[in-house]
Amino acid sequence: MSTFLQSLIDPKKNFLARMHMNAVSTRLRRYGLRYDDLFDQYETMDIKEALNRLPREVVDARNQRLKRAMDLSMKHEYLPEDLQAVQTPFRGYLKEMLALVSLF
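Remember, predicted model here, so these are calculated numbers, not experimental data.

What counts, and where the lines are drawn
Residues numbered from 1 in each chain as written. Predicted model: local features only at pLDDT ≥ 70, side-chain atom pairs only at ≥ 80, totals over all residues. Heavy atoms only, no water. Helix = DSSP H or I, 4+ residues; strand = E, 2+ residues; numbered from the N terminus. Buried < 20%, exposed > 50% of the residue type's maximum accessible area, 1.4 Å probe, protein only. Contact = heavy atoms within 4.5 Å. Areas by Shrake-Rupley, 256 points an atom, 1.4 Å probe, with all protein chains shown as cover. Phe/Tyr/Trp six-rings, centres within 6.5 Å; stacked < 30°, edge-to-face > 60°. Lys NZ or Arg CZ within 6 Å of the ring centre and 35° of its normal.

Peer 1: Give a description of the overall build of the protein that names residues and reports values.
Peer 2: Across its full length, the protein holds 6 helices and 0 strands. The secondary structure elements of the protein, listed N-terminal to C-terminal, are α-α-α-α-α-α. Principal-axis analysis of the C-alpha atoms gives the protein an extent of 45 × 35 × 20 Å. When the 104 residues of the protein are sorted by exposure, 26% land in the buried category. Sequence-distant contacts, at least 24 apart, represent 69% of the contacts inside the protein between residues at least 6 apart. For the protein, the exposed surface amounts to about 7900 Å²; the carbon and sulfur share of it is 58%.

Shown next, in the form of structure tokens:
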């Protein structure tokens, strides 16, 4: 990718990218999700295989976050403010495994 395109999507350099990242972060925190939770395991075989290779604890935590988010969404509620403050929406757990899976 060219340096111009990289500077457009880098939140440190582009104000609009920073605003988008903050908006996504706020919405994920409200439900207690991480960005990697949004990947659908039925979309591609790579994601399904990466989830199969992750430790069981990581997959169980992902499933719990998704269940909690669905429950909150159905109730039209958000997480309490104190729990929203400790959420880490951009701490990834799937990217490294996807890189390994896509090599093969």
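Now, onward.
Peer 1: Run through the packing of aromatic side chains, naming residues and quoting values.
Peer 2: According to the stated counting rule, one finds 3 aromatic pairs in the structure shown. Pairing Tyr-31 with Tyr-78 gives two aromatic rings, centres 5.5 Å apart and planes at 75°, and the pair type is edge-to-face. Remark: Tyr-78 occurs in the loop between helix H4 (56-75) and helix H5 (81-85) and Tyr-31 occurs in helix H2 (residues 15-31); sequence separation between them is 47 residues. Aromatic side chains Tyr-35 and Phe-90 sit 6.0 Å apart centroid to centroid with 35° between the ring planes, which places their arrangement in the tilted category. Residue Tyr-35 is found in the loop between H2 and helix H3 (45-53), and its partner Phe-90 is found in the loop between H5 and helix H6 (95-103); the two are separated by 55 residues along the sequence. What links up through ring pairs into an aromatic cluster is the set Tyr-35, Phe-39 and Phe-90. Its guanidinium or amino end placed over the ring of Tyr-78, Arg-30 lies 4.9 Å from that ring's centre, counting from NZ or CZ.

Peer 1: Give me the environment of Lys-12: which residues, what numbers.
Peer 2: Here Lys-12 shows up in the loop between helix H1 (3-9) and H2. For the pair formed by Lys-12 and Met-45, sequence separation is 33 residues and the distance between their alpha carbons is 33 Å.

Peer 1: Which residues make up unusual backbone geometry, and what values go with them?
Peer 2: With a phi close to 60°, His-76 is a non-glycine residue in the positive phi region. Looking at the secondary structure, you find His-76 in the loop between H4 and H5.

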